[in-house]
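Here are the chains, one letter per residue:
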Number of protein chains: 2
Amino acid sequence: MNIGIIGLGLIGGSMAKAIKQNTPHTVFGHDLQDTIIKKAILIGAVDEPLTEELIPSCDLLIVALYPQDTIDFVKAHADSIKKGSIVLDCCGVKQVICQALEPVAKENGFIFMGGHPMAGVAHAGFTHAKKALFNNASMILTPAKGTRIEDVQKIKVLSESIGFTNTQISTPEEHDRVIAFTSQLAHVVSNAYIKSPSALEHKGFSAGSYKDLTRVAKLNENMWSELFLDNNLFLAEEIDGIIQRLQQYSTAIKEKNAAALCTLLKEGKERKMIIDGEKF
Amino acid sequence: MNIGIIGLGLIGGSMAKAIKQNTPHTVFGHDLQDTIIKKAILIGAVDEPLTEELIPSCDLLIVALYPQDTIDFVKAHADSIKKGSIVLDCCGVKQVICQALEPVAKENGFIFMGGHPMAGVAHAGFTHAKKALFNNASMILTPAKGTRIEDVQKIKVLSESIGFTNTQISTPEEHDRVIAFTSQLAHVVSNAYIKSPSALEHKGFSAGSYKDLTRVAKLNENMWSELFLDNNLFLAEEIDGIIQRLQQYSTAIKEKNAAALCTLLKEGKERKMIIDGEKF
C-alpha cells in the first residue's frame, strides 16, 4: 500500500526507516524542512515527497506531529484524504486528539485511529530516528466506536512488522489516565528530582538509583508541555498523589517514627511485588 | 593479611567472594547463621570461621552489618581488636557510625575507617552475594581526622583489587548530605511512585521511564528505615525539596500555564545537561 508519513522527526523518521526496511510498502514523506525530505529519500527511508497531490493516493496516513499540529493537519487535508483509508496519529495523548478528529473522519469518509507508539530516546529529530526504535515496544491503539476489526488488524500487522511486540487496544480515556502515571509523571518527577542543589555534587556518590531516577529529566520542554496540558486533569491528580504520599514519608522521618516508616516502605515493596507478579 | 568479615549478607558475602577470588588474603567469616558460614567455607569464600579468638589476629575487620549492629559489634569487641589494625564498616550512613566509633578506635588503639560500597541488588543475603558485585562501583571512604594516608591507601588498594573503579574520599557530613539525594531520596520516591492506583494497570502502557522510576521500589524496609532515620535531617530536606518542586509543576498544569510549565521543564533539562557535562 501507499503510506504517507507527515513529520519525519524521531517517531515519523523511525516509522519511515522501519517500514522501508521491513515491508514492501511505498512511503511518501513530508517534513517542514525540505532538507530532511531529501535526506530521507537519499537513504531510502522515503520513496517520494508527500505532495498535496499524492495525499488522495495514500491508503494510510501516519501523522507524527505534536498534538495541535496533528489536529490542524488532518482538518486542513480532510477533504483530500482517500475515502476508506486510515489516518493514524502518534501523539502521547489521546482524548484531545480523538475527540477532535473522529468526527472529522466520519464526515469525510476515512477512518481515524488514535495511536501511541511507546518508544523514544532522549534526542529528537530525523538524525536520531532509527529503524529499530520500536523493537519490543508497545503500540497503543484507541480505535473509535464502530471501527471495523479488519482496520485495527491492518495497523496491528504493520506495527508488528516494524518491531512492536505488543498491540494494546484501549480507549482514549483509559490511555490518558494510565499514561499520566507510567510516562508523564515519570518525566515530571525526574525533571523535578534533578533540581536538588545536591545534584551538582553527585559524582562519586551515585549508583544505579540516581541514574534511573534522573534519566528522563532531559526532555523536550515544548513537546512535553503540550502533552502535559492536554492531559492536565489526570496528570495533576498523579502529581498531587505522589506529593501526598511523599509527605507521609517526610512526616515519619521527621518524627523518627520507625514503625510508621517501615510500614510505608513495606507497602511500597509489596505493591511492586504484586505488580511484578512476585510472591512475598 | 588476615581479614575478618562480620556479616555474610549481600555486601559481606560479596566482599568475601571477591577477596578470595582476587587477592591472596586469608578471610575469616562470621554470620549469625551458622549454615551460612559453612556454606561460605564450602565454596571457598571464607577460609575459617571468625571466632572470638581469631579477632586479635585480624589486620582488617570488615563489618557488614546494619548501622546499630555495626556500632554494637565494634564496641563489644573493641578491646580484642589488634592495635594498629583497621576496622572498616559498610553502612549507607556515615555520621552516626563515625561519631560513635572513631572515639572507640582512638581509645583502643585501632583505626576506624567509615566505608560505603556503592553497590547493591534488589535481593539480600549470601545467596545473592557475588564476586562481581563491586565491579565499576564507587567505594566511599570517610577517614577520621589524623588518619595516616598509608592506611587509606591500604583500603583503596583492596577496594580496587575487588572491582571498585573509584575511591571517593569524603567526610561523614558530606557523604550523608549527598547520599540523601543520590540514593535515599531515589528509594523513597520510587517506593512512593509505585503506590499510585494506576500502577496496577500499567501493563501494555509502560516503557523505559516507568521501569526506571519504579526499579528500586522493592527494598528491604527494615534496613532502609534504619538508614533513613540515621540520616533524618538531610533526607527530610531532600523529600521536602522535591515536594515543593513538584507543587510548582502541579500548579502550572492546573492553571494551564504553558509558559510557566515550559520554563520549569527547561530548567530541569538544562540542570541535567550541566551535570552530564553536555552543552545546551
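Preceding block: the structure.
These lines cover the structure that appears in this document, whether it is placed above or below. Every residue gets a number counted from 1 within its own chain, in the order that chain's sequence is written. Numbering of ligands from 1 and lettering of chains from A proceed in the order in which they are written. This being a predicted model, a pLDDT of at least 70 is required before a residue's local features are given, and a value of 80 or more before pairs of side-chain atoms are given or counted; all residues contribute to the totals for chains, interfaces and linings. Heavy atoms from the whole structure form the basis of all side-chain values; hydrogens and water molecules are not counted.

What follows is about unusual backbone geometry. With a phi angle near 65°, N136(A) is a residue other than glycine that sits in the positive phi range. With respect to the element layout, N136(A) can be found in the loop between β6 (111–117) and β7 (138–143). Only DSSP runs of H or I with at least four residues qualify as helices, and only runs of E with at least two residues qualify as strands; both kinds are numbered from the N terminus onward.

Let us look at the relation of the copies chain A and chain B. With an RMSD of 0.0 Å, chain A superimposes on chain B once it is rotated by 180° and translated 0.0 Å along the axis. Classification of the inter-copy transformation places it as that of a two-fold axis. In terms of proximity to the rotation axis, the leading residue of chain A is D212(A), whose C-alpha is 2.5 Å off the axis. Here 100% of the contact residues of chain A are again contact residues in chain B; the copies associate through an equivalent surface. A least-squares superposition brings the copies together, and it is based on the C-alpha atoms of residues with pLDDT no lower than 70 in both. Note on contacts: a residue pair is in contact if any heavy atoms of the two residues lie within 4.5 Å.

Further remarks concern helix α1 (residues 10–22) of chain A. Residues and elements named next belong to chain A. One less than the number of residues in a helix, times 1.5 Å, gives the span that helix is expected to have. Here α1 is 13 residues long and its end C-alpha atoms lie 18 Å apart, about the 18 Å a rise of 1.5 Å per residue gives. Summary of the burial criterion: residues with accessible area below 20% of their type's maximum are buried, those above 50% are exposed, and those between are partly exposed, where the area comes from a 1.4 Å probe applied to protein chains only. In terms of residue burial, α1 counts as a mostly covered element, since 10 of its 13 residues are buried. Residues of α1 that are buried include every one of L10, I11, G12, G13, S14, M15, A16, K17, A18 and I19, and no others. Against the buried residues of α1 lie β1 (2–6), β2 (26–30), β4 (60–63), β6, β7 and α5 (149–161).

All names here are of chain A. A pair of strands counts as paired when DSSP detects no fewer than two bridges linking them. Taken together, eight strands build an open sheet; the order of strands is β3-β2-β1-β4-β5-β6-β7-β8 and the sheet is mixed. The outermost strands of the open sheet, each flanked by one partner alone, are β3 (48–49) and β8 (166–169). Sheet topology note: the β6/β7 ladder contains five bridges and is antiparallel. Looking at β7, one finds that P117 is bridged to M139. Angles here are taken between N-to-C directions and fall from 0 to 180 degrees, while the axes themselves are lines fitted to C-alpha atoms, restricted in helices to the stretch in contact. Its contacts with the sheet place helix α6 (residues 172–193) against β6, β7 and β8, and it is angled at close to 140° to β7.

Moving on, we come to empty space enclosed by the protein. Lining residues are those with an atom within 4 Å of a point, where the points come from a 1 Å grid over the protein atoms alone and group into cavities, where a 1.4 Å probe fits but cannot get out, or pockets, open sets with protein on both sides within 12 Å along at least five of seven lines. Grid points are joined across faces, edges and corners, and a volume is the space filled by probe spheres set on the points. Counted under the stated rule, the structure contains one cavity of 30 Å³ or more. In this structure, the largest cavity encloses a volume near 30 Å³. For the lining of the largest cavity, the residue count by class is six nonpolar, one polar and no charged. For this classification, Asp, Glu, Lys and Arg are treated as charged, while Ala, Val, Leu, Ile, Met, Phe, Trp, Tyr, Cys and Pro are nonpolar and the rest, including Gly, are polar.

In this section: the packing of helix α3 (residues 67–77) of chain B against helix α4 (residues 95–108) of chain B. All names here are of chain B. Packing of α3 against α4 leaves a shortest axis separation of 10 Å and a crossing angle of 0°. The angle between α3 and α4 falls in the class roughly parallel. In contact with P67, T70, I71, V74 and K75 of α3, α4 contributes V96, I97, A100, L101 and V104. Considering only residue class, the contact of α3 with α4 consists of eight nonpolar, one polar and one charged. Roughly parallel covers angles under 35 degrees, roughly antiparallel covers those over 145, roughly perpendicular covers 65 to 115, and oblique covers all other angles.

Mapping T214(B) onto the fold places it in helix α7 (residues 208–214). Residue classification places T214(B) among the buried positions, given a relative accessible area of 0%. Not counting residues within four places of it along the chain, the set of residues in contact with T214(B) comprises K272(A), S190(B), Y193(B) and I194(B).

Moving on: the interface of chain A and chain B. Facing the 85 residues of chain A at the interface are 85 residues of chain B. Buried area: the sum, over both parts, of the accessible surface (1.4 Å probe) that disappears when the two are put together. Summed over both sides, the interface between chain A and chain B buries roughly 8,200 Å², with carbon and sulfur atoms accounting for 65% of that surface. Criterion for a salt bridge: a side-chain nitrogen of Lys or Arg within 4 Å of a carboxyl oxygen of Asp or Glu. Seen at the junction of chain A and chain B, the total is 12 salt bridges. A salt bridge links K269(B) to E221(A); the nearest nitrogen and oxygen atoms lie 3.0 Å apart. Polar contact is the term for a pair of N or O atoms within 3.5 Å; when the atoms are in protein, one must be able to donate a hydrogen and the other to accept it, and sequence-neighboring residues count only if both atoms are side-chain atoms. The interface formed by chain A and chain B includes 49 residue pairs in polar contact (both at pLDDT 80 or more). Secondary-structure elements contributing two or more residues to the side of chain A that touches chain B are β7, β8, α6, α7 (208–214), α8 (221–230), α9 (232–254) and α10 (258–275) of chain A. Residue classes in the side of chain A that touches chain B are distributed as 41 nonpolar, 24 polar and 20 charged.

In this section: the nonpolar core. L246(A) and L246(B) are the most contacted members of the largest nonpolar core, which totals 108 residues. Sequence-distant contacts of L246(B), that is, excluding residues within four places in its chain, are made with V188(A), V189(A), A192(A), I239(A), I242(A), I243(A) and L246(A). Nonpolar cores were defined as sets of buried Ala, Val, Leu, Ile, Met, Phe, Trp, Tyr and Cys residues, with membership established by side-chain atoms within 4.5 Å.

Here the focus is the packing of aromatic side chains. Aromatic rings from Phe, Tyr and Trp, taking only the six-membered ring of Trp, are treated as a pair when their centres fall within 6.5 Å; an angle between ring planes under 30 degrees marks them as stacked, one over 60 as edge-to-face, and anything in between as tilted. Applying the stated rule across the entire model yields eight aromatic pairs over all chains. Taking 5.0 Å as the distance between ring centres and 40° as the angle between the ring planes, the aromatic pair formed by Y193(A) and F181(B) counts as tilted. With Y193(A) in helix α6 and F181(B) in helix α6 (residues 172–193), this pair bridges two chains. The exposure classification of Y193(A) matches that of F181(B), with both residues buried. With a centroid separation of 4.9 Å and 20° between ring planes, the pair formed by F134(B) and F164(B) is classed as stacked. On the criterion of sequence distance, the pair formed by F134(B) in the loop between β6 (111–117) and β7 (138–143) and F164(B) in the loop between α5 (149–161) and β8 (166–169) is long-range, its members being 30 residues apart. The buried category is assigned to F134(B), whose relative accessible area is 0%. Among the residues examined, F164(B) registers a relative accessible area of 2% and is labelled buried. By the criterion adopted, a ring carries a charge over it if an Arg CZ or a Lys NZ lies within 6 Å of its centre and within 35 degrees of its normal. The ring of F126(A) carries the charged tip of K17(A) above its face, separated from the ring centre by 4.4 Å.

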